[in-house]
Number of protein chains: 2
Amino acid sequence: MAKEITPRSEDYSQWYNDIVYRAGLADQSAVRGCMVIKPLGYALWENMRNELDRMFRETGHVNAYFPLFVPRSLFEAEEKNAEGFAKECAVVTHYRLKNDPVNKGKLMVDPEARLEEELVVRPTSEALIWNTYRDWIHSYRDLPLLINQWANVVRWEMRTRPFLRTTEFLWQEGHTAHATAAEAIAEAEQMHAVYARFAEEYMAMPVIKGCKTENERFAGAEDTYTIEAIMQDGKALQAGTSHFLGQNFARAFEVKYLSEENREEYVWATSWGVSTRLIGALVMAHSDDDGLILPPRLAPLQVVIVPIPKPSAELEAAANKLMEALRVRNIRCSYDRDEKNRPGFKFAEHELRGVPVRVGIGQRDLEQGVVELARRDTREKFQVPVDAAADRIAGLLEEIQGNLYARALTFREANSHRVDRWEDFERILGERPGFLYAHWDGTTETEEKIKELTKATIRCIPLDAEQEEGQCILTGKPSSRRVLFAKAY
Amino acid sequence: MAKEITPRSEDYSQWYNDIVYRAGLADQSAVRGCMVIKPLGYALWENMRNELDRMFRETGHVNAYFPLFVPRSLFEAEEKNAEGFAKECAVVTHYRLKNDPVNKGKLMVDPEARLEEELVVRPTSEALIWNTYRDWIHSYRDLPLLINQWANVVRWEMRTRPFLRTTEFLWQEGHTAHATAAEAIAEAEQMHAVYARFAEEYMAMPVIKGCKTENERFAGAEDTYTIEAIMQDGKALQAGTSHFLGQNFARAFEVKYLSEENREEYVWATSWGVSTRLIGALVMAHSDDDGLILPPRLAPLQVVIVPIPKPSAELEAAANKLMEALRVRNIRCSYDRDEKNRPGFKFAEHELRGVPVRVGIGQRDLEQGVVELARRDTREKFQVPVDAAADRIAGLLEEIQGNLYARALTFREANSHRVDRWEDFERILGERPGFLYAHWDGTTETEEKIKELTKATIRCIPLDAEQEEGQCILTGKPSSRRVLFAKAY
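Residues numbered from 1 in each chain as written. Chains lettered and ligands numbered in written order. Predicted model: local features only at pLDDT ≥ 70, side-chain atom pairs only at ≥ 80, totals over all residues.

Novice: How would you sum up the packing of helix 9 (residues 313-328) of chain B against helix 12 (residues 389-414) of chain B? Please name residues and give values.
Specialist: Residues and elements named next belong to chain B. Viewed as axis vectors pointing N to C, helix 9 and helix 12 meet at an angle of 50°, and their least axial separation amounts to 9 Å. Judged by the angle between their axes, helix 9 and helix 12 are oblique. The hand of the helix 9/helix 12 crossing is right-handed. On helix 12, the residues that touch L322, A325 and L326 of helix 9 are A389, A390 and I393. Taken together, the residues of the contact of helix 9 with helix 12 sort by class into six nonpolar, no polar and no charged. (Axes fitted to C-alpha atoms, helices over the stretch in contact; angles between N-to-C directions. Helix = DSSP H or I, 4+ residues; strand = E, 2+ residues; numbered from the N terminus. Parallel < 35°, antiparallel > 145°, perpendicular 65-115°, else oblique. Left-handed = near helix turned anticlockwise from the far one by under 90°. Contact = placed C-beta atoms within 7 Å. Nonpolar A, V, L, I, M, F, W, Y, C, P; charged D, E, K, R; others polar.)

Novice: Describe the relation of the copies chain B and chain A, naming the residues involved and giving the relevant values.
Specialist: Its rotation angle being 180°, the transformation that places chain B on chain A also includes 0.0 Å of axial translation and leaves an RMSD of 0.0 Å. Accordingly, the operation relating the two chain copies is best matched by a two-fold axis. Residue B:V92 of chain B places its C-alpha closer to the rotation axis than any other residue of that unit, at 2.1 Å. Taken together, the interface assignments show that 100% of the residues at the interface of chain B recur at the interface of chain A, consistent with an identical surface on both copies. (Least-squares fit on C-alpha atoms with pLDDT ≥ 70 in both.)

Novice: Residues and numbers for unusual backbone geometry, please.
Specialist: Note the cis peptide between A:I308 and A:P309, where omega equals 0°. Looking at where A:P309 falls in the secondary structure, it is placed in the loop between strand 17 (303-308) and helix 9 (313-328). The backbone of A:R379 sits at a positive phi, close to 70°, despite the residue not being glycine. Note that A:R379 resides in the loop between strand 20 (370-375) and strand 21 (381-385). Residues other than glycine seldom take positive phi values, yet B:K455 does so here, at roughly 70°. Locating B:K455 in the fold gives a position in the loop between helix 14 (444-454) and strand 24 (457-462).

Novice: Describe in detail the sheet that holds strand 11 (residues 208-211) of chain B, supporting the description with residues and values.
Specialist: All names here are of chain B. The 11 strands are arranged 3-9-10-16-13-12-11-24-27-23-22 in an open sheet whose pairing can be described as mixed. Each edge of the open sheet carries a strand with a single partner, namely strand 3 (62-63) and strand 22 (416-418). Sheet topology note: the strand 9 (residues 145-154)/strand 10 (residues 168-178) ladder contains 10 bridges and is antiparallel. The partner of V153 across the bridge, within strand 10, is F169. (Pairing = 2+ DSSP bridges.)

This is the structure in structure tokens:
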């Protein structure tokens, strides 16, 4: 198995595709830019969704569902948002096919079934949701309105890659309405913190929290908060964003409320989202040349028990006993009862699919009262008494979770640089890209010039950036804090 | 509140809409035929989804996700399926909008961004999935393939009603592949039984299990199994279908496998689905003129505690203690701490939203160590010792679940008729529609003639129909068993 995966050192991009397809996370589809999410990939998404959903509920949000289609007249109402998405949207123009009179057995669009107003397949739902909120919000008593939606969206991307950038993807989008700007900003910051916590505690992926520059903001936002993670090739990946939308959508859709002081006011908004892109991030943050490495808290299967050298009633009985003890501890486990393949093949297969802990269970070992545990992250193997195995595995899963985070953090630190000279900036990005903290003069012009010269963009202005006098890395103009530059997915 | 709902006796159809909108299950949207599913409606769908998903897993299925779009050439490959859906599908023809040069600030479809091949928004996913299965299935070892998908689908319906018939709806669609016809039929029957069990045990809605006539089958199926429930106006509602697809899709998409005997064979298929339509069924099966009545097993909120006459620290402390005891029993409960409205208003509000049990908690009652319980289904109220309340409520929820089922079953029996004479058939359908068991000569011609004359259709050929010699209700031709006729949603 392992030999079918291109090593990272040879071609990182091909390695990523190999992992995605060979581990069975996704498959290509007949639809341009759209992937099929296979059972392993979807189970991973379900685990992410369940944890995120719990976090959203704990912060007071409820789920709802809004239509897939946005009528063109609503889509264009908020100008910046419309401008940002108009060039990449799928448009429904007809509602019927008919038999093609020329080609028997073929269908064609029925020209008589043209829609009076075209429908855009949602690339994001602000327009449709704020058009609805107008009917839901009348008084300060109706605020805050804290709603989340789990849905599919479509953005007609020219270059696509599985999970990272697909025409259709799955995501959640929170859309909240507030009485004051301060409350809306606090909400956007809260959800930004929720995303960071999810990335770090569940995905074992350290992130830099910051704000986007004006140039990189969400179309229609006043401020965009982002979490940025480093991948193993040193590139950054934007893993989640939370937007303070000001009153832009409230004004576009005339959403007003009567305040406690009996004044009519426009409502303040936020929106925030993460998507199946997180699966791509997870792959690129942790996996190796033998396959997936999944953090135990999200792994669909946490423990697999492999009988050695092959299944038998006695080994299965021992495995069942162990699985019972594991399930009591809420550990997701299974027994590999396949009779056709040898242990070595199975080991490679489970490694490819990223199962965090493998238990080898053999007749001779059992007689001595031991089983063998193997960690996916470090490849260590060791024997433990069978009676202590469940507790040891429970501890091991936490250890692996912690180790993946620590390893990713170490990698990020080793690939983060404070850079003060343009030649260093260019050299580092050319030799071995990473996170570059440098001064910037605050203009979009300079930001774009740097992108043109190096392909690096400002990933964010870190929230925890210290005030520090310095000079713009490109123009030498004065700057008061460093921003994070990187090449990005 | 209650006064805003049209009584069933006055206008059943308006009553249904009133319940849906006033109880906050759904809202109309700006998109023709599409609804917004509001938090209460969506929470109900989540509870349904969770139980169904568990049942699907217990029967060996896994979830995956396939693209929203079906390229026209795939859509048309299975002829009957294509014919069945071509007239009601949304078609994406362009992938970009541009600024309208005539109307400033407006957008228009960019004629230069026309797709070479149109994309149909999936009305169902057989075509796309079987096109994918061709790559996944090679040998008998790859079978059975048991996959389910939770997704949105679009069917361009001319007349829509919230939940019952909407242009976009949420559903699950199972798509399985098997080595033999017998296995595929067993799968279709198994999922049919799962749906029936879900309807009866969770929705408290008795169903008739049967097969569709050829005329009413799913487009592309060899056999369609259905569950049919009676609504309070005597009409039938098809609540879930499971299809034996034969080799139709395997042939259309060239999906073959190598058998154990080393022969190339076409694969056998099933598909099965239920949708947000079930929410409409739930409303129409149980609710009354005061609002929703929800079966406890699916109710998002099972118990609400109302302080009488108004919230106080002491009452909240008592409520918290009770809620703790309820949560230990996995009962979903909340405390109504709204200060603005009086108990009578709150009672009506919780009744409208269908909360199965209301607990009234007052200062004087508490001193005497009692609280008042009120059942939503029978409107009975009684006092119980506060220390016994959690246990009593747990029992009461089961009682209510059972009572709703029994009530619905009694209603169905009272509205089911064995009919042997055409004049009785017409009279009953005219006076008070219900389930009519009558003989039928087995021809599509007669079936359609009956529909034309009475609007009743053959809902199914019940699985448990006894062999019985008789004469067709319309033509007098010989028949060997009764079929179920009804007007239907």
